[in-house]
Amino acid sequence: MFYHSQNLINPIVPDEPDPSAANALQEGLGGQFGEMRTMMQYLFQSFNFRGKATPYMDLIQGVGIEEISHVELITKTISQLLDGSPRYQGGKYETPSKGGNADLDMAKEQQNPHHYIVGAQAALPVDAAGNPWSGSYVHNHGNLVLDLMDNLVLEATGRIQKCRIYQMSTNKTLRATVAFLIVRDEAHQAAFAKALETLGVDWAKALPVPKFDSSQFPEVKRLMDLGLHREQYTFRMDGSLMEQIFSGPSPFNDGTQLTTLKEPRESFPIPQAPERPEEFAPGLDEELQALADAFTEFKESGGKIDQNIGFNGSKDE
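Bear in mind that the values here come from a model prediction, so they are computed numbers and not experimental data. (Residues numbered from 1 in each chain as written. Predicted model: local features only at pLDDT ≥ 70, side-chain atom pairs only at ≥ 80, totals over all residues. Heavy atoms only, no water.)

Novice: Which residues make up the side chain of Arg230, and what values go with them?
Specialist: With respect to the helices, strands and loops of the structure, Arg230 is situated in the loop between helix 8 (218-225) and strand 1 (231-233). A relative accessible area of 4% means that Arg230 is categorised as buried. Looking at Arg230, its side chain comes within polar contact range of the side chain of Asp254, at 2.6 Å. Contact partners of Arg230, with chain neighbours within four places excluded, come to Glu186, Phe246, Ser250, Phe252, Asp254, Thr256, Gln257, Leu258 and Thr259. (Helix = DSSP H or I, 4+ residues; strand = E, 2+ residues; numbered from the N terminus. Buried < 20%, exposed > 50% of the residue type's maximum accessible area, 1.4 Å probe, protein only. Polar contact = N/O pair within 3.5 Å; in protein donor to acceptor, adjacent residues only side chain to side chain. Contact = heavy atoms within 4.5 Å.)

Here's what the structure looks like:
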């Protein structure tokens, strides 16, 4: 079973909309080496795990569960980069483009107009070229060493790509999220490298981790100074054996130590997406809005609602 906390694993930093940055970040979400693949690959490997090497299953599954939060974070970031980009100023119940105006005119000039046609200024399960995410990206070999090697390649490649995306924009919203993912990708590289090391696999000769100093990116260095690149989380309420693997000296031989925790030390509020009348999102007229507001009031009051408000959203006469 899985449990969900309504918080983000890293804060969304506000900045101006940037549709081009949003589209570049789509590669980190729905690309072949993006967060949707890491999430599905590690979860399938853990669900299909064979044998009694439980600490390795716990390690793979713990990383996979964290990747669910990464998919949520990067999706929210893409949506934040898109949201409000048409600069529509119309009222909530007005008809967009009334009188023949083109309130979404800028959308057709963007690298991915599907962000506006299909997604209503929100993320899509696609890569930066608009290709839909595919389950064929997922590798689950059923062989522990091969799976761990594959995962190490996946994290190393994803980290390189995120460093490239970081360099494509100075937008604070993009960089804060990408910097966090660069740091956590390194932590996951350490997790799979350490697991291979405990199995006697000389992974560094067969597959050296790309040697570049990502701490030169200021947002990345701040997180590394907090030690986030050497932590891994179990996300388990019933105990985990992950620490039998993810502990002790880093496999990168840099003098750092690996630390296993139940969960991240901090979590952050999820920003609420505003209504976008120009996209007919959420598309509620006054009557439906009143009904939605009444139901929200009912839920937030713990089941107590103004008896004068019926569920048709109007005051009883």
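From this point on, the discussion continues.
Novice: Which residues make up unusual backbone geometry, and what are the values?
Specialist: The omega torsion across Ala281 and Pro282 is 10°, close enough to zero to call that bond cis. The topology assignment puts Pro282 in the loop between strand 3 (257-261) and helix 9 (286-300). Positioned with a positive phi, Gln121 is a non-glycine residue whose angle comes to about 65°. Considering the arrangement of structural elements, one finds Gln121 in the loop between helix 4 (114-117) and helix 5 (144-166).

Novice: Can you break down the packing of helix 2 (residues 35-47) against helix 5 residue by residue, with the values?
Specialist: With their axes 11 Å apart at the nearest point, helix 2 and helix 5 run at an angle of 165° to one another. With respect to helix 5, the axis of helix 2 lies roughly antiparallel. Every pair of crossing elements has a handedness; the one defined by helix 2 and helix 5 is left-handed. Of the residues in helix 5, those in contact with Glu35, Arg37, Thr38, Gln41, Tyr42 and Gln45 of helix 2 are Asp147, Asp150, Asn151, Leu154, Glu155 and Lys162. Residue composition of the contact of helix 2 with helix 5, by class: two nonpolar, four polar and six charged. (Axes fitted to C-alpha atoms, helices over the stretch in contact; angles between N-to-C directions. Parallel < 35°, antiparallel > 145°, perpendicular 65-115°, else oblique. Left-handed = near helix turned anticlockwise from the far one by under 90°. Nonpolar A, V, L, I, M, F, W, Y, C, P; charged D, E, K, R; others polar.)

Novice: Break down a nonpolar patch on the surface for me, citing the residues and quoting the values.
Specialist: A surface patch of nonpolar side chains, about 490 Å² in accessible area, is lined by Met1, Tyr3 and Met237. Among the secondary structure elements, Met237 is positioned in the loop between strand 1 and strand 2 (248-249). (Patch = residues over 30% accessible without salt bridge, like charges linked within 9 Å, V, L, I, M, F, W, Y side chains within 5 Å. Areas by Shrake-Rupley, 256 points an atom, 1.4 Å probe, with all protein chains shown as cover. Salt bridge = Lys/Arg side-chain N within 4 Å of Asp/Glu carboxyl O.)

Novice: I'd love a proper account of the confidence of the model for the chain, names of residues and values included.
Specialist: Averaged over all residues, the pLDDT of the chain equals 93, while 95% of them reach at least 70. Overall, residues 311-317 carries pLDDT values under 50, and its contacts beyond four positions in sequence, including any with other chains, amount to 15 contacts. (pLDDT = per-residue confidence, 0-100.)

Novice: An account of the packing of helix 3 (residues 54-82) against helix 5 is requested, with residue identities and associated values reported.
Specialist: Two numbers describe how helix 3 lies on helix 5: the axes approach to 12 Å, and their chain directions differ by 30°. Accordingly, the angle class assigned to the pair helix 3 and helix 5 is roughly parallel. Where helix 3 crosses over helix 5, the handedness of that crossing is left-handed. Contact with helix 3, carried on its side by Tyr56, Ile60, Val63 and Glu67, involves Leu144, Leu148 and Glu155 of helix 5 and no other residues of that element.

Novice: How would you explain helix 9 if you had to name every residue and give the values?
Specialist: In this model helix 9 runs 21 Å from its N-terminal to its C-terminal C-alpha over 15 residues, within 8% of the 21 Å that 1.5 Å per residue would give. Two or three places before Glu287, at the opening of helix 9, Asp285 has a side-chain oxygen 3.2 Å from that residue's backbone nitrogen. Note on helix 9: the residue one or two positions beyond its end, Gly302, has a positive phi of about 75°. (Expected span 1.5 Å × (residues − 1).)

Novice: Hey, could you go over the environment of Phe246 for me, with residue numbers and the actual values?
Specialist: The residue Phe246 is located in the loop between strand 1 and strand 2 in this model. Judged by relative accessible area, which is 0%, Phe246 ranks as buried. Along the backbone, Phe246 and Ala195 are 51 residues apart, and their C-alpha atoms lie at a distance of 7.5 Å.

Novice: Explain the sheet that holds strand 1 to me, and be specific about the residues and the numbers.
Specialist: Across the sheet, which stays open at both edges, the three strands sit in the order 1-3-2 with mixed pairing between neighbours. Since the sheet does not close on itself, it has two edges, and those belong to strand 1 and strand 2, each with one partner. Where strand 2 lies against strand 3, two bridges are found, and the strand directions are antiparallel. Across the sheet, Gly248 pairs through a bridge with Leu258, a residue of strand 3. Across the face of the sheet, helix 6 (residues 172-198) comes into contact with strand 1, strand 2 and strand 3 while running at roughly 80° to strand 1. (Pairing = 2+ DSSP bridges.)

Novice: Residue-level account of helix 8, with values.
Specialist: Restricting attention to buried positions, one finds in helix 8 the residues Val220, Leu223 and Met224. For helix 8, the angular spread of the buried residues around the axis is 100°, confining them to a single face. Exposed side of helix 8, more than 90 degrees from the buried face: Pro218, Arg222 and Asp225 are the residues found there. Buried residues along helix 8 sit against helix 6. Just beyond helix 8, the residue with positive phi is Gly227, at close to 85°. (Arc of directions from axis to C-beta.)

Novice: Go over the environment of Pro269 with me, naming the residues and quoting the values.
Specialist: Considering the arrangement of structural elements, one finds Pro269 in the loop between strand 3 and helix 9. Beyond its immediate stretch of four places on either side in the chain, Pro269 contacts Asn7 and Leu8.

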